[in-house]
Amino acid sequence: MRLRVGLGGRSLRRIGPGAGAASYLQAIPLLLRNPSIALAPLLAALAQAALFMVVPSTANDGLLGMLNNSLTGLIAQLLNGFALGVALICADAAWRRGRAPFDEAWDEARRKVSDIFIATIGFNFAIFVARYIGGTLLPFIGAIVLGAVALFFCIYALPAASIGGIPGGASLQVSLERARAAPAPTFVVCVVYVFTYFVLQNILATFVLQFLFGLNVPSSSAVSSVVVALIQAILAGYVALVLSKTYNDVSYRRMY
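Residues numbered from 1 in each chain as written. Predicted model: local features only at pLDDT ≥ 70, side-chain atom pairs only at ≥ 80, totals over all residues. Heavy atoms only, no water.

Re the overall build of the protein chain
For clarity, the cut-off: Labels follow the DSSP assignment, with helices taken as runs of H or I lasting at least four residues and strands as runs of E lasting at least two, numbered in each case from the N terminus. Classification of residues uses two cut-offs on accessible area relative to the type maximum, computed with a 1.4 Å probe and protein chains only: under 20% is buried, over 50% is exposed, and between them is partly exposed. Working rule for contacts: check all heavy atoms of both residues, and any pair within 4.5 Å makes them a contact. Note on areas: Shrake-Rupley, 1.4 Å probe, and residue coverage restricted to the protein chains presented here.
Along its length, the protein chain carries ten helices and three strands. Secondary structure of the protein chain in N-to-C order comes out as β-β-α-α-α-α-α-α-α-α-α-α-β. Counting over 256 residues, the protein chain shows a buried share of 44%. For the protein chain, contacts bridging at least 24 residues in sequence account for 74% of all contacts bridging at least 6. Put simply, the protein chain shows about 13500 Å² of open surface, and 70% of that area lies on carbon and sulfur atoms.

A short note on the layout of surface pockets
To keep things clear, this is the line we draw: Of the two site types, the cavity is a set of points on a 1 Å grid over the protein atoms alone where a 1.4 Å probe fits but cannot get out, and the pocket is an open set with protein on both sides within 12 Å along at least five of seven lines, each lined by residues with an atom within 4 Å of a point. Grid points are joined across faces, edges and corners, and a volume is the space filled by probe spheres set on the points. For this scheme, ten residues count as nonpolar: Ala, Val, Leu, Ile, Met, Phe, Trp, Tyr, Cys and Pro. Four count as charged, namely Asp, Glu, Lys and Arg, and the remainder, Gly too, count as polar.
If you add up the space inside the largest pocket, you get close to 1400 Å³. Lining the largest pocket we find 41 residues, and of these F123, N124, I127, Y193 and F198 sit closest to its centre. Only α2 (39–54), α3 (62–97), α5 (113–137), α6 (141–154), α9 (183–214) and α10 (221–251) provide two or more residues apiece to the lining of the largest pocket. Grouping the constituent residues of the lining of the largest pocket by class yields 30 nonpolar, ten polar and one charged.

These values are about where atoms sit, not about what they do.
Structure below.
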C-alpha cells in the first residue's frame, strides 16, 4: 500500500523498510562521480587536526586541562556534525539528481546550522550517557553494548535534521521512531557505520601511511594528518550516501 502526501511541493510515497539494499554498492560509483560529497568532511578533518595541534590534550593539567579537553572535544564534534550534515545534503542531491553541487548543499546547511548542531549534540550525548551507564554496570562490555544500542536508535538524528526537515530538538525522537519501524535496515546501516569509521578507517590509514613511508616520503605529523583526513573524508562521503539513502527508504521516497 502506498501513501502519497505533499511536502514542500514534492510528492512522497511510503515504502517498505527493505528497500534500497543495493545502495551500499551503488554508493561507491556515485561517490566517485561526486567527490564534492567528501569535501566538507575533508575540511572538517583538516580543521580538527589543526585544532588538536594548537590545543593538544592536557590530561595532567587539572581542571584547566579538563576544560580545554572538553571544549576542543565539543568543537570537534560540532565540526564533524556540520560536515556530515553538508555531506548528507550533497548525498541526497546525488541520489535524486545524479550530481551534488557543493555550494547548494553548503547554503542549505548554513540555513539549518542550529538544527544540525542540536542533532549533533543530542546524538553524541545520548551515546556518551549510554556508554557511561553501560561501563558503570559492566565495565568495557557494558559500554560497548549500550553504546551500540544508543547508536541504533540515534543513527537517523543527523539525517532527520539535515535532509528530513525535522527540527534539531525533535531529531532524536524521529530517529527512534524510524529505527523502531525499520529495525533490519537500521541494523545494517549501523554495522556499516561502525565498520567504516572504526575498522576500515584504521586499516586504510595504516596501509597508506606504510606505503608512503616505504616510498621514502618524509614521516611527519603533518603528512599523517593529511593522509588520515583524506581517508576520513572519503569514508564519511560513503557513509553520508548510504545513511541518506537508508533514511529516505525507511521514511519516504521522493518522487522525482
